[in-house]
Amino acid sequence: MLIKIPKGWEISGGRATSETIYMNRRNILKGMAGAGLIASIGSNAAFGTAFAADGEDPSASLYPVPHNDFYKVTRALTPEKIATTYNNFYEFGSHKEISEAAQALKIRPWTVKIDGMVEKEMEIDIDDLLAKMPLEERVYRHRCVEAWSMVVPWSGFPMKELVKLAAPMSGAKYVVMQTFEDKSVAPGQRQFWYPWPYTDGLTIEEATNDLTFLVTGLYGKPLPKQNGSPLRLAAPWKYGFKQVKSIVRFSFTDKRPETFWEKLIKNEYGFWANINPEVPHPRWSQATERDIGTGERIPTLLYNGYGEYVADIYKNMAGERLFM
Ligand code: MTE
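All of these numbers come straight from a predicted model, not from anything done at the bench.

Rules of the game
- Residues numbered from 1 in each chain as written.
- Predicted model: local features only at pLDDT ≥ 70, side-chain atom pairs only at ≥ 80, totals over all residues.
- Heavy atoms only, no water.
- Near = heavy atom within 4 Å.
- Polar contact = N/O pair within 3.5 Å; in protein donor to acceptor, adjacent residues only side chain to side chain.
- Areas by Shrake-Rupley, 256 points an atom, 1.4 Å probe, with all protein chains shown as cover.
- 1 Å grid on protein atoms, 1.4 Å probe; cavity = no way out; pocket = protein on both sides within 12 Å on 5 of 7 lines; lining within 4 Å.
- Sits in = over half its atoms within 2 Å of the grid points.
- Nonpolar A, V, L, I, M, F, W, Y, C, P; charged D, E, K, R; others polar.
- Phe/Tyr/Trp six-rings, centres within 6.5 Å; stacked < 30°, edge-to-face > 60°.
- Helix = DSSP H or I, 4+ residues; strand = E, 2+ residues; numbered from the N terminus.
- Lys NZ or Arg CZ within 6 Å of the ring centre and 35° of its normal.
- Salt bridge = Lys/Arg side-chain N within 4 Å of Asp/Glu carboxyl O.
- Buried < 20%, exposed > 50% of the residue type's maximum accessible area, 1.4 Å probe, protein only.
- Contact = heavy atoms within 4.5 Å.
- Pairing = 2+ DSSP bridges.
- Axes fitted to C-alpha atoms, helices over the stretch in contact; angles between N-to-C directions.
- Points joined across faces, edges and corners; volume = space filled by probe spheres on them.
- UniProt positions renumbered as here; feature names shortened; annotations may be inferred.

### Some thoughts on the site of the ligand
Phase 1 of the analysis: Residues in close proximity to the ligand total 17 residues, the closest being Tyr90, Glu91, Arg232, Gln243 and Lys245.
Phase 2 of the analysis: Asn87 is positioned with one of its side-chain polar atoms (N or O) 3.0 Å from an oxygen atom of the ligand.
Phase 3 of the analysis: Within the side chain of Glu91, one N or O atom sits 2.8 Å away from a nitrogen atom of the ligand.
Phase 4 of the analysis: Notes on the ligand: free accessible area 530 Å², of which the protein chains cover 99%.
Phase 5 of the analysis: Because more than half of its atoms lie within 2 Å of the grid, the ligand is assigned to the second largest pocket.
Phase 6 of the analysis: Looking at the shell around the ligand residue by residue, the class counts come to seven nonpolar, seven polar and three charged.

Here is the structure:
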């Protein structure tokens, strides 16, 4: 059977419809912002988000941000309610229903440290970082190694902008991202058999690829805590476990880091973790995936469909375990 794999720029009717609904909502939000209504009724209240209305997130007024239409997705957007209540965040539990528990995370003040092989180490307040970065919205596929996937509108900025700010030394080859550590709010971190804090890494070439995005928002609003507020990675050609949430530190190094999941189960997880339907995980076939929005089972695409942007990075890496 011949399966036609649509190119990035082809858009299906279903996708277009749900995008229309989404875009309308964005326009309504923009209009409300213009009319000063958001401040009085609150954008979260208006659309029933799972984000806690505790007044903790001073970045709310930055959203929605301009939409970047370059990266098209041919599937329907996942409903917000599903994307914000079906999560992996082991700090708050090793199951999917962690959205309430994650509200214990304090996201202000939040300081991001940039250290290691950089011209000048720095600590930067998240709101100062947001003010420096060119925020935009991108719709990306998001695929977990457990063979489920979704399509979500992330807001954030290209990671290459953070690399530019960090000014790595010429010998730096990798950037390691690290999640917060606080046992008092994250019960999972009391489970000593996990190698906390959660860390993962990218090569500098991967981190500066145009596709690599640091996420600060979702569905035109600040990122909910359960999705990794206030700062997480979206490198959509890699499995979900690479997408570090609630980042507090970027360290530049010349040594390939051993990631959280490699330390835990080396034979199941590697450094590269690029998506490939032909390379099964020891426990899950990667040939297909279940779209958690529609419930449909669909074929998985090499590099999650983003090969045209990233395949070249790996062309001279014979012998590397690129796909798990
Ligand atoms: N980051 C941290 N700090 N802790 C985690 O447990 N889980 C990863 C990734 N980032 C995880 C994490 C996994 S396995 C997946 S699939 C994605 O986050 C899930 O992101 P989502 O909940 O926004 O869908």
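### What to know about the packing of aromatic side chains
Phase 1 of the analysis: Overall, the coordinates contain 30 aromatic pairs when judged by the stated rule.
Phase 2 of the analysis: Look at Tyr198 and Phe260: their rings are 4.5 Å apart centre to centre, the planes differ by 25 degrees, and that puts the pair in the stacked class. One end of the pair, Tyr198, is in the loop between strand 5 (174-179) and strand 6 (199-203); the other, Phe260, is in helix 8 (residues 260-264), and 62 residues separate them in sequence.
Phase 3 of the analysis: The interplanar angle of 45 degrees and the centroid separation of 5.2 Å between the aromatic rings of Trp261 and Tyr269 together place this pair among those described as tilted.
Phase 4 of the analysis: One cation-aromatic arrangement involves Lys96 over Tyr86; the distance from NZ or CZ to the ring centre is 5.8 Å.
Phase 5 of the analysis: In this structure, Lys242 packs its charged tip against the face of Phe271, placed 4.2 Å from the ring centre.

### Observations concerning the pattern of salt bridges
Phase 1 of the analysis: Throughout the structure, instances matching the rule amount to 18 salt bridges.
Phase 2 of the analysis: The salt bridge partner of Glu146 is Lys96, with a shortest N-O separation of 3.0 Å. Highlighted residues: Glu146 in the loop between strand 3 (136-143) and strand 4 (148-158) and Lys96 in the loop between helix 4 (80-83) and strand 1 (111-116), separated in sequence by 50 residues.
Phase 3 of the analysis: Ionic pairing is found between Glu289 and Arg143, a salt bridge with its closest N-O pair at 2.9 Å. Taken together, the residues Glu289 in strand 11 (residues 288-291) and Arg143 in strand 3 connect sequence positions 146 residues apart.

### Observations concerning the side chain of Asn276
Phase 1 of the analysis: Along the chain, Asn276 falls in the loop between helix 8 and strand 11.
Phase 2 of the analysis: Here Asn276 falls in the buried class, since its relative accessible area comes to 9%.
Phase 3 of the analysis: Beyond its immediate stretch of four places on either side in the chain, Asn276 contacts Tyr239, Gln286, Leu302 and Phe323.

### Some words on the sheet that holds strand 5
Phase 1 of the analysis: The five strands lie next to each other as 2-1-10-5-6, forming an open sheet whose pairing is mixed. For this open sheet the edge positions go to strand 2 (122-125) and strand 6, each flanked by a neighbour on one side alone. Neighbour to neighbour, the strand axes of the sheet diverge by 20 degrees on average, direction disregarded.
Phase 2 of the analysis: When strand 1 meets strand 2, the two strands line up antiparallel, connected through four bridges. Opposite Ile114, over in strand 2, you have Met122 as the bridge partner.

### Some words on the layout of surface pockets
Phase 1 of the analysis: For the second largest pocket, the calculated volume is near 390 Å³.
Phase 2 of the analysis: For the second largest pocket, the lining is made up of 26 residues, of which Asn88, Tyr90, Tyr198, Gly240 and Phe241 are closest to its centre.
Phase 3 of the analysis: Ranked by the residues each element gives to the lining of the second largest pocket, the list is headed by strand 4, at three residues.
Phase 4 of the analysis: Within the lining of the second largest pocket, the residues separate by chemical class into 14 nonpolar, seven polar and five charged.

### Some points on the UniProt feature "binding site: Mo-molybdopterin" (unreviewed entry) in the protein chain
Phase 1 of the analysis: Residues annotated in UniProt with the feature "binding site: Mo-molybdopterin" (unreviewed entry) correspond here to Asn87, Tyr90, Glu91, Cys144, Thr179, Asn227, Arg232, Gln243, Val244 and Lys245. As for the second largest pocket, its lining draws on Asn87, Tyr90, Glu91, Cys144, Thr179, Asn227, Arg232, Gln243, Val244 and Lys245 from among the annotated residues.
Phase 2 of the analysis: With respect to the helices, strands and loops of the structure, Cys144 is situated in the loop between strand 3 and strand 4.
Phase 3 of the analysis: Looking at the secondary structure, you find Lys245 in the loop between strand 9 (232-234) and strand 10 (247-253).
Phase 4 of the analysis: Its relative accessible area of 9% is what places Lys245 among the buried residues.
Phase 5 of the analysis: Aside from chain neighbours lying at most four places away, what touches Lys245 is Asn87, Asn88, Phe89, Thr179, Gln226, Asn227, Gly228, Leu231 and Arg232.

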